[in-house]
Each structure stands twice: as structure tokens, then as C-alpha cells.
Amino acid sequence: MRRPSRASLKRWLWDAVILLAVFLAIQAWQQRDVPKGPAPATAGILADGQTFDLKTWRTSHPDQPVALHFWAEWCPICSTEEGSVTSVLADWPVMTVAMQSGTAEQVVGHLRKKGLDWPTLVDPAGHIAASYGLKGVPAFVVIDRDGTIRSVSTGFTSELGMRLRLWWAEHS
């Protein structure tokens with residue numbers, strides 16, 4: 001078996017650095033309008049018809065970070081994250097936000113069809129997502145115990161990534 005040459009290892013490392021730089025640049029561009037500091041006032045109607053207010057919801061989870069998971073019914077990457085979101089919901093307070101996925105009845109139908117028992121805020125026109133500076137889905141926003149946005153990830157986020165972001169917000 002032939003060992004890779006030093007030059008090919010350097011080339012591979014250089015390619016990895018370039019790929020990482022491109023990834024980070026895309027993330028920065030996607031998040032260019034995300035507000036820093038306190039989370040925007042967020043209120044609306046849940047898919048089950050109840051009213052939702054972020055500040056009130058946060059008080060029901062004292063001394064704990066919370067997350068908003070923005071998704072859409074038409075988003076294939078969001079479908080890929082469903083198992084991760086369900087698993088994280090079992091251990092952390094996560095409110096999902098159905099962006100541009102129709103009326104509450106349509107969102108409930110989609111959740112039932114997929115077998116998802118998620119608390120879901122309906123954002124039919126994308127106004128809530130826009131208040132967070134989000135241009136697309138999926139997105140995972142972590143808000144610390146003080147109401148400050150601590151982490152925003154756009155695009156696919158693994159279950160481990162979601163858990164680590166919440167853990168970091170709790171311990172820092």
C-alpha cells in the first residue's frame with residue numbers, strides 16, 4: 001500500500017481550509033441581518049389556536065435557554081432535521097416556527113401527517129422569521145436565560161449541534 005506524499009497531504013489540508021472558509025463565509029452572509037442582543041418581541045398564534053408570547057414562554061422555563069426552530073413544510077432539509085428536533089424537544093424547551101407553510105389548519109395537517117407532536121408557532125407570511133433577520137429555513141435560534149440571542153445556525157443543524165448550542169448558552 002502506497003503512503004500519501006507530503007505534498008498531497010498539504011494539498012488536502014489546503015483544500016479543507018478553503019472549504020471551511022467558504023462554509024463560514026456563506027454562514028456569515030446568511031446571518032448578516034440577524035439582530036445582536038435581546039431577542040425580538042415574538043408573539044402569535046400556535047397551530048393549536050393558543051396565543052404565544054416569547055417573554056411569557058421564557059418565564060415558564062426559568063434559568064434555562066430556549067430555542068426557536070424555524071422550518072417550512074416545503075423544505076427538504078427541514079424534513080431531514082425532524083428526528084433531531086423531536087429528540088431535542090424531549091430535553092430542552094424548543095418552540096418550532098412554521099414559516100410560510102400555510103394556515104394553522106394546514107400546519108396541523110402537515111404535523112399530523114408526519115407524526116410530529118411539536119409546539120408550533122404559525123408564521124404564514126414569514127414576519128417572525130424576518131424579525132430575526134432570517135432569509136430561509138431551517139434555522140435554529142438559541143436565546144439565553146436573559147433573553148439574549150446566543151446562537152443562530154442556518155441550514156442543516158445536527159442534533160448534537162442543537163444540543164451543544166443550548167448547553168453552551170446554559171453554561172456560559
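In what follows, the structure referred to is the one given above.
Let me sum up the structure you'll find in this document. (Residues numbered from 1 in each chain as written. Predicted model: local features only at pLDDT ≥ 70, side-chain atom pairs only at ≥ 80, totals over all residues. Heavy atoms only, no water.)

Topic: a nonpolar patch on the surface
So, point 1. Among the surface-exposed residues, Trp 12, Leu 13, Trp 14, Val 17, Ile 18 and Val 22 lie close enough to one another that they form a single nonpolar patch of about 640 Å² accessible area.
So, point 2. Relative to the helices and strands, Val 17 is located in helix H1 (residues 6-30).
So, point 3. Residue classification places Val 17 among the partly exposed residues on the basis of a relative accessible area of 44%. (Patch = residues over 30% accessible without salt bridge, like charges linked within 9 Å, V, L, I, M, F, W, Y side chains within 5 Å. Areas by Shrake-Rupley, 256 points an atom, 1.4 Å probe, with all protein chains shown as cover. Salt bridge = Lys/Arg side-chain N within 4 Å of Asp/Glu carboxyl O. Helix = DSSP H or I, 4+ residues; strand = E, 2+ residues; numbered from the N terminus. Buried < 20%, exposed > 50% of the residue type's maximum accessible area, 1.4 Å probe, protein only.)

Observations regarding the sheet that holds strand S5 (residues 120-123)
So, point 1. Strands sit in the order S5-S4-S3-S6-S7 across an open sheet of 5 strands; the sheet is mixed. Of all strands in the sheet, those with a lone pairing partner are S5 and strand S7 (149-154), marking the two edges. Strand after strand, the sheet turns through a mean of 20° between neighbouring axes, direction not considered.
So, point 2. In the sheet, strand S3 (residues 66-71) pairs with strand S6 (residues 139-143) via 5 bridges, with the strands oriented antiparallel. Along S6, the bridge assignment pairs Leu 68 with Val 141.
So, point 3. Sitting on the sheet, helix H4 (residues 104-114) touches S3, strand S4 (94-99) and S5, and the angle it makes with S5 is about 135°.
So, point 4. In the packing of helix H6 (residues 159-171) onto the sheet, the strands contacted are S3, S6 and S7, and the crossing angle to S6 comes to about 15°. (Pairing = 2+ DSSP bridges. Axes fitted to C-alpha atoms, helices over the stretch in contact; angles between N-to-C directions. Contact = heavy atoms within 4.5 Å.)

Side note on the environment of Gly 44
So, point 1. Secondary-structure assignment places Gly 44 in strand S1 (residues 43-45).
So, point 2. Residue classification places Gly 44 among the partly exposed positions, given a relative accessible area of 23%.
So, point 3. Sequence-wise, Gly 44 and Asp 123 are 79 residues apart; in three dimensions their C-alpha atoms are separated by 7.9 Å.
So, point 4. The contacts of Gly 44, once residues within four sequence positions are left out, are Gln 50, Thr 51, Phe 52 and Leu 121.

Some words on the side chain of Ser 151
So, point 1. Its place among the elements puts Ser 151 in strand S7.
So, point 2. Among the polar contacts listed, one links the side chain of Ser 151 to the side chain of Arg 165, at a separation of 3.4 Å.
So, point 3. Beyond its immediate stretch of four places on either side in the chain, Ser 151 contacts Phe 140, Val 141, Val 142 and Arg 165. (Polar contact = N/O pair within 3.5 Å; in protein donor to acceptor, adjacent residues only side chain to side chain.)

Here we look at the packing of aromatic side chains
Each aromatic ring pair is summarised here by two numbers: the centre-to-centre distance and the angle between the ring planes.
So, point 1. Enumeration according to the criterion identifies 4 aromatic pairs in this entry.
So, point 2. On the basis of an interplanar angle of 55° and a centroid distance of 5.7 Å, the ring pair of Phe 52 and Trp 57 is categorised as tilted.
So, point 3. Look at Phe 52 and you get buried, because its relative accessible area is 6%.
So, point 4. Relative accessible area serves as the criterion here: at 14%, Trp 57 is assigned to the buried category.
So, point 5. On the basis of an interplanar angle of 55° and a centroid distance of 5.7 Å, the ring pair of Phe 70 and Tyr 132 is categorised as tilted. Within this pair, whereas Phe 70 is found in strand S3, its partner Tyr 132 is found in the loop between helix H5 (127-131) and S6, the two being separated by 62 residues in sequence.
So, point 6. Overall, the relative accessible area of 0% leaves Phe 70 in the buried class.
So, point 7. Among the residues examined, Tyr 132 registers a relative accessible area of 1% and is labelled buried. (Phe/Tyr/Trp six-rings, centres within 6.5 Å; stacked < 30°, edge-to-face > 60°.)

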